[in-house]
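# Descriptive structure summary
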Protein chains: 2
Amino acid sequence: MSANWLDEIAWDADGLVPAIAQEAGTGKLLMLAWMNREALAETARSGRAVYWSRSRNKLWRKGEESGHVQSVREVRLDCDGDVVVLEVVQGGGIACHTGHARCFFRRLEGEAWVEVEPVLMDPNEIYKPGR
Amino acid sequence: MSANWLDEIAWDADGLVPAIAQEAGTGKLLMLAWMNREALAETARSGRAVYWSRSRNKLWRKGEESGHVQSVREVRLDCDGDVVVLEVVQGGGIACHTGHARCFFRRLEGEAWVEVEPVLMDPNEIYKPGR
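This write-up is about the structure you can find in this document.

Rules used in this analysis
- Residues numbered from 1 in each chain as written.
- Chains lettered and ligands numbered in written order.
- Predicted model: local features only at pLDDT ≥ 70, side-chain atom pairs only at ≥ 80, totals over all residues.
- Heavy atoms only, no water.
- Contact = heavy atoms within 4.5 Å.
- Buried area = accessible area lost by both parts, 1.4 Å probe.
- Salt bridge = Lys/Arg side-chain N within 4 Å of Asp/Glu carboxyl O.
- Pairing = 2+ DSSP bridges.
- Helix = DSSP H or I, 4+ residues; strand = E, 2+ residues; numbered from the N terminus.
- Axes fitted to C-alpha atoms, helices over the stretch in contact; angles between N-to-C directions.
- Least-squares fit on C-alpha atoms with pLDDT ≥ 70 in both.
- Phe/Tyr/Trp six-rings, centres within 6.5 Å; stacked < 30°, edge-to-face > 60°.
- Buried < 20%, exposed > 50% of the residue type's maximum accessible area, 1.4 Å probe, protein only.

## So, the interface of chain B and chain A
Chain B puts 38 residues into the contact, and the matching count from chain A is 38 residues. The contact between chain B and chain A buries some 3400 Å² in all, and 63% of this surface belongs to carbon and sulfur atoms. Taken together, the connections running from chain B to chain A amount to eight salt bridges. Put simply, Asp82 of chain B and Arg54 of chain A hold a salt bridge, and the shortest N to O gap is 3.6 Å.

## Details of the sheet that holds strand β7 (residues 106–109) of chain A
Overall, mixed pairing links the six strands, which are arranged β8(A)-β7(A)-β5(B)-β6(B)-β1(B)-β2(B) in an open sheet. Each edge of the open sheet is held by one strand with a lone partner, namely β8 (112–115) of chain A together with β2 (29–35) of chain B. Shown here is a sheet whose adjacent strand axes are inclined to one another by a mean of 35 degrees, direction ignored. Direction of pairing for strand β1 (residues 17–23) of chain B relative to strand β6 (residues 84–90) of chain B: parallel, over a ladder of five bridges. When the bridges of β6 of chain B are listed, Ala19 of chain B appears paired with Val84 of chain B. Relative to the sheet, helix α2 (residues 37–46) of chain B contacts β7 of chain A together with β2, β5 (70–77) and β6 of chain B, its axis offset from that of β2 of chain B by approximately 125 degrees.

## As for the sheet that holds strand β2 (residues 29–35) of chain A
Strands sit in the order β2(A)-β1(A)-β6(A)-β5(A)-β7(B)-β8(B) across an open sheet of six strands; the sheet is mixed. Looking at strand neighbours, the two that pair on one side only are β2 of chain A together with β8 (112–115) of chain B, the edges of this open sheet. Across this sheet, the average inter-strand angle for adjacent strands is 35 degrees, counted without regard to direction.

## Some details on the pairing of β8 of chain B
Residues and elements named next belong to chain B. Both strand β7 (residues 106–109) and β8 contribute to a ladder of four bridges, which runs antiparallel. Paired with Glu109 across the bridge in β8 is Ala112. Linking β7 back to β8 in an antiparallel pair, the connection comprises two residues, with Gly110 at a positive phi of about 65 degrees.

## Digging into the relation of the copies chain B and chain A
Each of the two chain copies goes to the other by way of a rotation about an axis and a shift along it. For the pair chain B and chain A, the best superposition has an RMSD of 0.0 Å and corresponds to a rotation of 180 degrees with a translation of 0.0 Å parallel to the axis. Read as a symmetry element, the transformation amounts to a two-fold axis. Residue Gly27 of chain B, judged by its C-alpha, is the member of chain B lying nearest the rotation axis, at 2.5 Å. Most of the interface of chain B is mirrored in chain A: 100% of its interface residues are interface residues there too.

## A closer look at the packing of aromatic side chains
On inspection of all chains with the given rule, the structure shows five aromatic pairs over all chains. Here the aromatic rings of Trp113 of chain A and Trp5 of chain B are separated by 5.8 Å at their centres, their planes lie at 65 degrees, and the arrangement is edge-to-face. Note that Trp113 of chain A is positioned in strand β8 and Trp5 of chain B in helix α1 (residues 4–7), a pairing that runs across two chains. Since its relative accessible area comes to 3%, Trp5 of chain B is described here as buried.

## So, the environment of Asn4 of chain A
All names here are of chain A. On the secondary structure map, Asn4 appears in helix α1 (residues 4–7). Residue Asn4 is classed as exposed on the basis of its relative accessible area, which comes to 55%. Residues Asn4 and Arg61, spaced 57 residues apart in sequence, show a C-alpha to C-alpha distance of 23 Å.

By themselves, these are just geometric observations and shouldn't be taken as functional.
Set out below in structure tokens:
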């Protein structure tokens, strides 16, 4: 690949960069995942968010199992080139594997993390076998 | 320290967690930096964002040199406990050391990163010796 814009990313020692997904329009923060070079290249090419799953050690085309695809409106890079932001439209309105709209559903209250946003869909419904 | 809420963080191998700063009210994404346990504890206690500088290898009380302090309105944690979000009021309206309002001032256009937000203050003015 000769795409220079990918060379401007300050990939970490594992060849990854954190990627923040933010909802287009509302600015709501949905999630943070990781990308390798291939994931970012495919994201830019396809217009759909593709991450690198550190737990499964493979490309993770967001929504491939859940159907909750993220359509990418804009890609941003920070000053140091080591953080990417995706502005996305979240398919199904659910970004999180827990069935919450987004992953940041816990808030610090005093000395406790409190769940302050509802589960919109049972995870068993999201990841139905054979779906 | 016996604060259990800190034990719920999935600190990485270096004892760090990424922390995203988002502007209260507008939802504007300002920056991503890193925190260790001490930084997060002090942030919660003081109500001012404190990060861990990976380059300087020490606590970084945001604004200690620039004056651009971040007042924390809310702290969030994600589903896996490995990403923190701070909702902040950005002092001086400048989060980035480059003098941009925020670090995400570059947008991918075709195959190039293009600076699409202005510098609001000369970095030499921000980091004046003796300030």
